[in-house]
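Coordinate analysis (summary)
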Amino acid sequence: MELFGIDIGFGFTKVTNGSDSLVFKSIYGEATDIQFRENLLDGNRQEDYLHLEVDGNAFFVGELAERQSTVRYFTLDQNQLMGNFAKVLALAALARMSKGQEPIRVVTGLPIKFLSSYREQLVQQLSGRHSIVSIEADGSRHERVIHIAQVKVIPQPFGSLYNLMLNERGDAGDRRFLAEKVGVIDIGFRTADYSVANKTKYLERASRTYDTGISQAFSTLANKLQENSGVNVELFRLFEAVRRGNIKIRGKNYDLAKILERIYTQLATEIANEVNQLWSDEWDIDTIVISGGGGVVLAPYLEKILEGNVLTLDPQEDARFNNAHGYLKFARYLWERGAVPAAAATPAAPPAPATPAVTSGEVNPEA
Ligand SMILES: Nc1ncnc2c1ncn2[C@@H]1O[C@H](COP(=O)(O)OP(=O)(O)OP(=O)(O)O)[C@@H](O)[C@H]1O
Ligand SMILES: [Mg+2]
């Protein structure tokens, strides 16, 4: 039995099995004939080559789709992400990462506000036996069946919380996070999820999804670029430019550092306001944890303006993987330790793995 934590984000799909992890842009497209493979692959990593056939259709996924597909799909709409994307993205990742024919168990997540509407759909999309063909960079084809035996869908920020509270074996880990009231700010590409766990118990009233992800900053940037260059740059093509700090459009170089500074300050202020408002009654939060890829970018701004004790991000860790790592730890807790102990609600146990939709003030294990 192989266990995976899979975090299908609007920006990036992140997957881990503990020993290997994989991240790629949540983009797919029609596969096209690649005639000059050597040239195209020169300098590109083998693992960036995600090419597979599912249900008779051939797809490029991630960077490969961005570079090579004429028709490619990228979305900021949850309905689409679940409807069309989730299965292709998850299977592309599993085709690359799963080793043998063993059945696979997956823990994945959804933003709090989408949980009740999409949980069932996601379980159905992923569960079962999927006949796929994975195509390697050299053109060789491998037919195989990916058997996803079990899928557990939990609220996305639980990933970050479990990552803090459980150790690698899926046992109760750092005492500090088990005994404290912890607030998590998970900033992704489209969504920002704020959630609180009080002594491992999930606090519904203080947990919510907002639309203040990094894409908001990217949209502002794209509008400015259009004003200046006349070109409408697609949001998913801004990642590299933003990381470099400049973009070349039709031969002209645009420096992005100053404007990004301004846009990020604005977004961080908006996030801090949302958090301070949502958590106005939670003045007894011990620690605030910033998570997600957007968290890495905005932490320097947020640390200055958030009210509370903010845990500094570990620069060694890629915070984009926090949820996926937490999902994997939870998978180990669920499936490698045998049955969930009855005492799971005590402070020494991890927070509640919400089986039903999160509707009550508190989520009990296996409720
Ligand atoms: N090494 C990196 N490469 C690319 N982006 C990065 C990197 N480090 C941080 N980022 C930032 O991470 C953001 C994406 O974060 P993340 O992967 O957590 O989002 P997501 O989970 O896909 O989105 P959502 O949670 O809204 O569904 C990007 O917008 C970018 O600003
Ligand atoms: Mg995310």
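Small disclaimer: the values here were computed from a predicted structure and weren't measured.

About the criteria used
Residues numbered from 1 in each chain as written. Chains lettered and ligands numbered in written order. Predicted model: local features only at pLDDT ≥ 70, side-chain atom pairs only at ≥ 80, totals over all residues. Heavy atoms only, no water. Near = heavy atom within 4 Å. Polar contact = N/O pair within 3.5 Å; in protein donor to acceptor, adjacent residues only side chain to side chain. Areas by Shrake-Rupley, 256 points an atom, 1.4 Å probe, with all protein chains shown as cover. 1 Å grid on protein atoms, 1.4 Å probe; cavity = no way out; pocket = protein on both sides within 12 Å on 5 of 7 lines; lining within 4 Å. Sits in = over half its atoms within 2 Å of the grid points. Helix = DSSP H or I, 4+ residues; strand = E, 2+ residues; numbered from the N terminus. Nonpolar A, V, L, I, M, F, W, Y, C, P; charged D, E, K, R; others polar. Core = buried A, V, L, I, M, F, W, Y, C linked by side-chain atoms within 4.5 Å. Buried < 20%, exposed > 50% of the residue type's maximum accessible area, 1.4 Å probe, protein only. Contact = heavy atoms within 4.5 Å. Pairing = 2+ DSSP bridges. Phe/Tyr/Trp six-rings, centres within 6.5 Å; stacked < 30°, edge-to-face > 60°. Lys NZ or Arg CZ within 6 Å of the ring centre and 35° of its normal. Salt bridge = Lys/Arg side-chain N within 4 Å of Asp/Glu carboxyl O.

What about the site of ligand 1?
If you check the shell around ligand 1, you find 18 residues, and the closest are F10, K14, F189, R190 and T191. Here an oxygen atom of ligand 1 sits 2.8 Å away from a polar atom, N or O, in the side chain of K14. At 2.7 Å from an oxygen atom of ligand 1 is found a main-chain nitrogen or oxygen belonging to R190. Starting from 650 Å² of accessible surface for ligand 1 in isolation, the protein chains cover 88%. Assessed atom by atom at 2 Å from the grid points, ligand 1 resides in the largest pocket. Secondary structure elements with two or more residues in the shell around ligand 1: β2 (12-16), α8 (239-244) and α10 (293-305). Per-element tally for the shell around ligand 1: the top contributor is α10, with three residues. Considering only residue class, the shell around ligand 1 consists of seven nonpolar, seven polar and four charged.

A few points about the nonpolar core
Nonpolar side chains in soluble globular proteins generally cluster together in the buried interior. Ranked by size, the top nonpolar core spans 54 residues in total, and within it L238 and W279 carry the most contacts. In terms of residue count, helix α9 (residues 257-278) provides more of this core than any other element does, ten residues in total. In this structure L238 touches F218, L221, A222, L225, V233 and I247, once residues within four positions along its chain are discounted. Grouped together as the second largest cluster of nonpolar side chains are 40 residues, F59, M97, I104 and L122 included.

Here we look at the sheet that holds strand β3 (residues 21-25)
As a general point, the strands of a sheet are linked pairwise by backbone hydrogen bonds and lie either parallel or antiparallel. An order of β3-β2-β1-β8-β10-β9-β5-β6-β4-β7 is seen for the ten strands of this open sheet, with the pairing classed as mixed. On the outer flanks of this sheet lie β3 and β7 (72-73), each paired with one strand and no other. Relative to strand β10 (residues 141-155), strand β9 (residues 128-135) runs antiparallel, the two sharing eight bridges. Following the sheet pairing, H130 is matched in β10 by I146.

What about the environment of A137?
Position of A137 among the secondary structure elements: in the loop between β9 and β10. With 89 residues separating them along the chain, A137 and D48 place their C-alpha atoms 9.2 Å apart.

Topic: unusual backbone geometry
Non-glycine residue D55 carries a positive phi angle of around 50°. Following the sequence through the fold, D55 ends up in the loop between β5 (50-54) and β6 (57-61). With phi around 45°, R250 is a residue other than glycine that occupies positive phi space. Mapped onto the secondary structure, R250 falls in the loop between β14 (246-249) and β15 (252-255).

Remarks on the packing of aromatic side chains
One pass over the structure, following the stated rule, counts 17 aromatic pairs. On the numbers, 5.4 Å between centres and 90° between planes, the contact of Y28 with F59 is edge-to-face. With Y28 in strand β4 (residues 28-30) and F59 in strand β6, this residue pair connects regions lying 31 residues apart in the sequence. In this structure, Y28 and F59 share a single accessibility class: buried. An aromatic cluster is present here, built from F12, F74, F189, F218, F236 and F239 joined pairwise through their rings. The positively charged end of R320 is found above the aromatic ring belonging to F12, 4.9 Å away from the centroid.

Points about the pattern of salt bridges
Counted by the stated rule, this structure contains 19 salt bridges. For R72, the salt bridge goes to E234, with nearest N and O atoms at 3.7 Å. Here the residue R72 occupies a position in strand β7, and E234 occupies one in the loop between α7 (214-229) and α8, the gap between them amounting to 162 residues. For R72, a relative accessible area of 25% puts it in the partly exposed group. Given a relative accessible area of 33%, E234 falls into the partly exposed group. Via salt bridges that share partners, K25, E66, E240 and R243 belong to a single interconnected network.

Things to note about the sheet that holds strand β11 (residues 181-187)
Strand order in the open sheet formed by five strands is β13-β12-β11-β16-β17, with mixed pairing between adjacent strands. If you trace the sheet from one side to the other, it starts and ends with β13 (201-210) and β17 (310-311), each paired once. Relative to β13, strand β12 (residues 192-198) is paired through six bridges, and the arrangement is antiparallel. Looking at β13, one finds that Y194 is bridged to R208.

Re the pairing of β2
In terms of residue burial, β2 counts as a mostly covered element, since five of its five residues are buried. Where strand β1 (residues 2-8) lies against β2, four bridges are found, and the strand directions are antiparallel. Note that in β2 the partner of D7 across the bridge is K14. Connecting the antiparallel pair β1 and β2 is a turn made up of three residues. The pairing of β2 with β3 spans five bridges and is antiparallel. Each bridged residue has a counterpart across the sheet, and for F12 the counterpart in β3 is K25. Once β2 ends, the chain turns through four residues before running back antiparallel as β3, passing G18 with a positive phi of about 100°.

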